[in-house]
Amino acid sequence: MAELPGCCRRGATCLLCLYSCRWISTKKEKRKGLRTTKCDCSWFFFLFCVFLFTLVWLYFAIVILNDFHNFNEFIFKQRKLWLDWSLVLLIATALLITYSAMLLVLALCLQLCGQPLKLHWVHKSLLIVTALVVAAAFTGLGIKWAEEWKSARISLQATGPFLHIGIVGGMTLLAWPLASFIYHCRNTGVKVFLLLVYCAVMIALYLAPLMITSPCIMEENQLPPKPALVGHRGAPMLAPENTLMSLNKAVGCDVQVFETDIMVSADGVPFLMHDEKLTRTTNVQAVFPERASLNSTAFNWTDLQQLDAGSWFLERKPFSTVQSLSAVDRSQASKQKIPSLRQVLEAVKQSNISIMFDLRPENHTDYQSFVNATLDTILQSGIPLQQILWLPDGFREQVKQQVPGIQQVYGRKKLKNEKEPLLHVNLPYQDMSSEEIRQYRQDNVSVNLYVVNQPWLFSVLWCAGVSSVTTNACQVLKEMKHPIWLLPSSTYLMIWIVADCVSFLVILWAFFLVKKCSKRRQPAESETDVLLTKINSLMQE
């Protein structure tokens, strides 16, 4: 091993201390004969795999942020505990990726310095724990939230071209420590195996764009119109959901449709409420503690009007945007009540937007009376029927006959032998591919996808040609004048070729440079070995 300069020797000693949890100078290490064994190489490979594993989980964590509010609501229904679990997820993931990345960088630096990779047992234990935690996270995601795998697939349409360039860059940088290991390794079989694996991976990466597809790879003049915005329960990031304030904020965000949920009180008054119980979005536990566990439909309209439907929004802060509300908005939010359908229809009529709603709960024994009460309220309001988008499937034929002017929106795809052509469909964004969206657009079928909150997802659906999206973040999507990125195919082809060529040249340069440096070290190592041999001989004499 070549003798390192003083500053480099001290740096190598510090690296060895952090990685191996032992303070051994390079001279002592040489005298002790510390070498990187096959077991040490196995642990380095495990470290590299754990880093990649956590990196993939970080990507998934960022993707599922679009739908994390649903997870927060689910936990509240199960545990009656409200917390923004997305912060917990991101902090935990950042800690895991930082730790594994730090160890990997230390190992690569030690390899470049020609030092042994003696990973301490504490680091080994923590790496195993990291791998188990990430594996448990993926398992839980697959069991409880399987649709997010589809979300990840869609996200690749937004990130694929850039992930390709990033991965190629990372693997290119890996050429330096790989070349250093190969030129110092004496086992020919290991060297050939590593070179073959590395070359195979790089060739696959160079050709990967052949498999990458994205609706945003198109010419500027082919871009479809911007999708219309549908306010999910209004503007829930700016006001308490399903309130008149939320409706007004959504109108201020230029939404064309107010999406909500309707229930009917015990005395037959339709009102706005999403959950079957009132505990999440009202102070029912304080006003009616003995009845707090009852369904919303068990309360009459007089009781419902006594509830506060806004203070929870300020106390629990379901979105980070709550912290930036003005004093006026905070005061208004704290005064919100549960609105009736009649009040909402009047506001919708004045704002000249449409309203789309579900009627809950679908399995209620009096569901037909709920449908009748809702239809009566709509007809009495005098609102133009084309502004009503009807989602409930129950008694749909009856609704068509009684009020034929209402627009019917279906929560399913077209059937092959459809008797009556669908004009409007409302589906989760995971359930339609870009090809299906384009086909529906050609067939003049309006497609609304929900719930779309992140700009990257909105950009992909925009490029695909979706008609509208339901969103919690209307104030964010309103400001988007263009998809995040749009690349002509010729431009993408040029970027692909340039990135691959630069990577190939850098890899060749790395192997050439490392080989040149290793040849310079060999004479110094030989002279040092001869000198040490002479000193040992003199001492023995």
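Residues numbered from 1 in each chain as written. Predicted model: local features only at pLDDT ≥ 70, side-chain atom pairs only at ≥ 80, totals over all residues. Heavy atoms only, no water.

Asker: I tried to follow the overall build of the chain on my own but got confused; where do I start?
Answerer: Looking only at helices and strands, the chain has 21 helices and nine strands in total. For 541 residues, the compact-globule formula gives about 24 Å, and the C-alpha radius of gyration of the chain, at 31 Å, lies well above that figure. Taken along its principal axes, the extent of the C-alpha atoms in the chain is 115 × 55 × 40 Å. Expressed as a percentage of the 541 residues in the chain, the buried residues total 47%. Taking the intrachain contacts of the chain between residues at least 6 apart in sequence as the baseline, contacts between residues at least 24 apart amount to 67%. If you sum the accessible surface of the chain, you get close to 27200 Å²; carbon and sulfur atoms cover 62% of it. (Helix = DSSP H or I, 4+ residues; strand = E, 2+ residues; numbered from the N terminus. Rg over C-alpha atoms; globule rule 2.2 N^0.38 Å. Buried < 20%, exposed > 50% of the residue type's maximum accessible area, 1.4 Å probe, protein only. Contact = heavy atoms within 4.5 Å. Areas by Shrake-Rupley, 256 points an atom, 1.4 Å probe, with all protein chains shown as cover.)

Asker: Just to check I follow, could you spell out the pairing of strand S4 (residues 354–359) for this structure?
Answerer: Within a regular beta strand, the side chains point alternately toward one face of the sheet and then the other, so they alternate between its two faces. Burial within S4 is extensive, with five of its six residues counted as buried. Where strand S2 (residues 257–264) meets S4, six bridges bridge the pair, whose relative direction is parallel. If you follow Asp-261 over to S4, its bridge partner there is Asp-358. Bridge analysis of S4 against strand S5 (residues 388–390) gives three bridges, and the strand direction is parallel. Across the sheet, the residue bridging to Ile-355 is Ile-388, located in S5. The β-α-β motif built from S4, the intervening helix H16 (residues 367–381) and the parallel element S5 has right-handed crossover chirality. (Pairing = 2+ DSSP bridges. Right-handed = clockwise from strand over helix to strand, strands pointing away.)

Asker: Any chance you could explain the pattern of salt bridges here in plain terms?
Answerer: Where side chains of opposite charge bring their charged atoms close, a pairing between them can arise. Applying the stated criterion across every chain yields a total of 16 salt bridges. Between Glu-241 and Arg-233 there is a salt bridge whose closest N-O contact spans 3.2 Å. Of the residues examined, Glu-241 reaches a relative accessible area of 8% and is grouped as buried. Judged by its relative accessible area of 4%, Arg-233 is buried. Close ionic contact of Lys-400 with Glu-397 constitutes a salt bridge, the shortest N to O distance being 3.5 Å. Of this pair, Lys-400 and Glu-397 both sit in helix H17 (residues 396–402), three residues apart, which is roughly one turn of the helix. By relative accessible area, which is 17% here, Lys-400 ends up buried. Salt bridges here are not isolated pairs; linked through shared partners, they connect Glu-73, Arg-233, Glu-241, Asp-275 and Arg-280. (Salt bridge = Lys/Arg side-chain N within 4 Å of Asp/Glu carboxyl O.)

Asker: Would you explain the state of the cysteines in this entry?
Answerer: As used in these notes, a disulfide is a covalent bond between sulfur atoms, one from each of two cysteines. In total, this model carries one disulfide according to the counting rule given. Sulfur-sulfur distance for the disulfide between Cys-216 and Cys-463 comes to 2.3 Å. The S-S bond linking Cys-216 to Cys-463 shows a torsion near 95°; that makes this disulfide right-handed. With Cys-216 in the loop between helix H9 (188–207) and strand S1 (228–232) and Cys-463 in helix H19 (residues 455–464), this pair connects stretches of sequence that are 247 residues apart. (Disulfide = S-S within 2.5 Å.)

Asker: How do you make sense of the packing of helix H4 (residues 68–79) against helix H5 (residues 85–112) when you look at a structure like this?
Answerer: How two helices pack is summed up by the angle between their axes together with the distance between the axes. Here H4 crosses H5 at 115°, and the two axes come no closer than 9 Å. If you check the angle between H4 and H5, you find them roughly perpendicular. Between H4 and H5, the contacting residues are Phe-68, Phe-71, Asn-72 and Ile-75 on the first element and Trp-85, Ser-86 and Leu-89 on the second. Broken down by class, the residue content of the contact of H4 with H5 amounts to five nonpolar, two polar and no charged. (Axes fitted to C-alpha atoms, helices over the stretch in contact; angles between N-to-C directions. Parallel < 35°, antiparallel > 145°, perpendicular 65-115°, else oblique. Nonpolar A, V, L, I, M, F, W, Y, C, P; charged D, E, K, R; others polar.)

Asker: I tried to follow helix H10 (residues 244–252) on my own but got confused; where do I start?
Answerer: The periodicity of an α-helix, 3.6 residues per turn, causes residues three or four positions apart to be oriented the same way. Among all positions in H10, only Met-245, Ser-246, Leu-247 and Ala-250 are buried. Of the surrounding secondary structure, the elements contacted by the buried residues of H10 are S2, helix H14 (327–334), helix H15 (341–351) and helix H20 (474–477).

Asker: Would you take a moment to explain H5 for this structure?
Answerer: Taking 1.5 Å per residue as the helical rise, H5 with its 28 residues ought to reach 40 Å, and the 41 Å between its terminal C-alpha atoms agrees with that figure. Immediately downstream of H5, the backbone of Gly-114 shows phi near 75°, a positive value. (Expected span 1.5 Å × (residues − 1).)

Asker: Help me understand the pairing of S2, please; the structure alone is not making it clear to me.
Answerer: Across the eight residues of S2, eight count as buried, placing the element largely inside the fold. Side-chain alternation along S2 places Val-257, Glu-259, Asp-261 and Met-263 on one buried face and Phe-258, Thr-260, Ile-262 and Val-264 on a second face that is also buried. Alignment of S1 against S2, held across three bridges, turns out to be parallel. Bridge pairing in S2 links Gly-231 to Phe-258. Direction of pairing for S2 relative to strand S3 (residues 270–272): antiparallel, over a ladder of three bridges. Counterpart to Ile-262 in the pairing with S3 is Leu-272. Counted along the chain from S2 to the antiparallel partner S3, the turn is five residues long, and its residue Gly-268 has a positive phi close to 85°.

Asker: Where do I start with the packing of helix H3 (residues 38–63) against helix H7 (residues 147–173) in this structure?
Answerer: For the pair H3 and H7, interaxial distance at closest approach is 10 Å and the crossing angle is 110°. The angle between the axes of H3 and H7 places the two elements in the roughly perpendicular class. Facing Tyr-59, Phe-60 and Val-63 of H3, the residues of H7 in contact are Trp-149, Ser-151, Ala-152, Ser-155, Leu-156, Thr-159 and Leu-163. In the contact of H3 with H7, the residues fall into seven nonpolar, three polar and no charged.

These results come straight from atomic positions and should not be treated as a statement about function.
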